[in-house]
Amino acid sequence: MRTRGPITVAAYMEACNSHYYATRDPLGAAGDFTTAPEISQMFGELVGACLADCWRRAGAPGDSAYAELGPGRGTLAADALRVMRGAGFAGPVHLVETSERLRAEQAVRVPGAQWHARIEQLPPVPLLVVANEFFDALPVEQWVGDEQRLVTLDGESLAFVQGGLVVERSPARAAAAAALARHIAAHGGAALVIDYGHAQSSAGDTLQAVRAHRFADPLHDPGEQDLTAHVDFAALGDAARGAGAAVTAVAGQGAFLHALGISARASALAARNAARGAEVHAALQRLTDDAAMGSLFKVIAIHHPHWPVPAGLAS
Ligand code: SAH
């Protein structure tokens, strides 16, 4: 910025996050934020059960692969695959991840996985996909009227050039959803997309920074805190449908997990280990309560038009 001038919010977010994820494992109590699979094994297990059931109802095609976008530490993949292997799924594992640091974490928990930098590089086979808190990290543009909002250097700190009513758009997210949908429409499969955001497009600035489990100023310490923005599920669905896939209605994470039987799973885990009963119950509340992650976090599936609608979701 000092030599070339202001940059767009999208360019700022992309540059910050690529440095951020390349240089640390941000997840868990000692990091900056905690995701659903890091709260409890129940989350990944139910995602795995949902994908395995969908695969079996599709006729259990033997060439199918598990794929995940932005797998973090690999916790979700490990929990999901344990259930999927038990249900007879024997396919390979393909992870789309740009951070070498996080690829190393994933290698520990998901032995035998293969890595790719882009969705387009996934193999041409039916895919069982999950993307949890992947889309929220992809850059958004912010528009004020017909000007794209810029970030500039103001003395030694950063500042937004334009104020006023902000409208967000994300060509990067739409392109990723379209690439995933194109793949699924061509080769079969289903993808669960889970993220925080809104079901209908609406105006407003949702760019946020999180550091050490607290909200922070997104213009402070560029590249040293997690930058995300609400996912516009309507726009994501439109991009996926435009690329030839079917897209389900949006469900709240709480309703989705309850439909898949999270209460029964919590009871079984608590019964097996009474000392951990309170912890299991707290995790259940955190994942499903409306006051926690139950309704802010949402789920859609992008699936081949001839594949079944994944359980817990409605077409
Ligand atoms: N799904 C995990 C981690 C979410 S954090 C969980 O639920 O715990 C976001 C993840 O997306 C990280 O693994 C990060 O490195 C990855 N990521 C961010 N931008 C990416 C991009 N453009 N391409 C591929 N992976 C990306």
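Scroll up for the structure.
Since this is a predicted model, take the numbers as computed values, not measurements.

**Student:** Would you mind showing me how to read unusual backbone geometry here?
**Tutor:** Leave glycine aside and you will find that most residues have negative phi; peptide bonds, for their part, are mostly trans. Residues other than glycine seldom take positive phi values, yet Ala60 does so here, at roughly 50°. Locating Ala60 in the fold gives a position in the loop between helix H3 (41-57) and strand E2 (65-69). A positive phi angle, close to 50°, is found at Ala212, a residue other than glycine. Assignment of secondary structure puts Ala212 in the loop between strand E12 (208-211) and strand E13 (214-216).

**Student:** Any chance you could explain the packing of H3 against helix H4 (residues 75-86) here in plain terms?
**Tutor:** Between two packed helices, what matters for the description is the angle formed by their axes and the separation of those axes. Contact geometry for H3 and H4: axes closest at 7 Å, N-to-C directions at 45°. With respect to H4, the axis of H3 lies oblique. You can see that H3 and H4 cross each other, and the crossing is right-handed. Seen from H3, the contacting residues are Gln41, Phe43, Gly44, Glu45, Val47, Gly48, Ala49, Leu51 and Ala52; seen from H4, they are Leu76, Asp79, Ala80, Arg82, Val83 and Met84.

**Student:** Just to check I follow, could you spell out the packing of aromatic side chains for this structure?
**Tutor:** Each pair of aromatic rings is reported with the distance of its centres and the angle of its planes. According to the stated counting rule, one finds four aromatic pairs in the structure shown. Each ring, one from Tyr20 and one from Tyr21, has its centre 5.1 Å from the other, and the planes form 80°; the classification is edge-to-face. Comparing Tyr20 with Tyr21 shows no difference in burial state: the two are buried. A ring pair is formed by Phe134 and Phe135, whose centres lie 5.2 Å apart and whose planes are at 80°; its orientation type is edge-to-face. This pair shows no difference in class: Phe134 is buried, exactly as Phe135 is. Geometry around Phe160 places Arg149 over its ring, the cationic atom sitting 3.8 Å from the centre.

**Student:** Looking at this model, I keep getting lost on the nonpolar core. Mind explaining?
**Tutor:** One broad trend across soluble globular proteins is that nonpolar side chains are buried collectively. Counting residues in each nonpolar core, the largest one holds 45 residues, and the members touching the most others are Tyr66 and Leu192. Looking at this core, the element that brings in the most residues is H3, giving nine residues. Core analysis: the next-biggest nonpolar cluster, separate from the first, contains 32 residues, Val193, Ala239, Ala245 and Ile300 among them.

**Student:** I'm lost on the sheet that holds strand E10 (residues 167-169) in this one. Help?
**Tutor:** Strands in a sheet are paired, the pairing made by backbone hydrogen bonds, and the direction either parallel or antiparallel. Ordered by their spatial adjacency, three strands build an open sheet running E7-E6-E10, and the pairing between neighbours is antiparallel. Single-partner strands in this sheet number two, and they are strand E7 (147-148) and E10.

Conventions adopted
Residues numbered from 1 in each chain as written. Predicted model: local features only at pLDDT ≥ 70, side-chain atom pairs only at ≥ 80, totals over all residues. Heavy atoms only, no water. Helix = DSSP H or I, 4+ residues; strand = E, 2+ residues; numbered from the N terminus. Axes fitted to C-alpha atoms, helices over the stretch in contact; angles between N-to-C directions. Parallel < 35°, antiparallel > 145°, perpendicular 65-115°, else oblique. Left-handed = near helix turned anticlockwise from the far one by under 90°. Contact = heavy atoms within 4.5 Å. Phe/Tyr/Trp six-rings, centres within 6.5 Å; stacked < 30°, edge-to-face > 60°. Buried < 20%, exposed > 50% of the residue type's maximum accessible area, 1.4 Å probe, protein only. Lys NZ or Arg CZ within 6 Å of the ring centre and 35° of its normal. Core = buried A, V, L, I, M, F, W, Y, C linked by side-chain atoms within 4.5 Å. Pairing = 2+ DSSP bridges.

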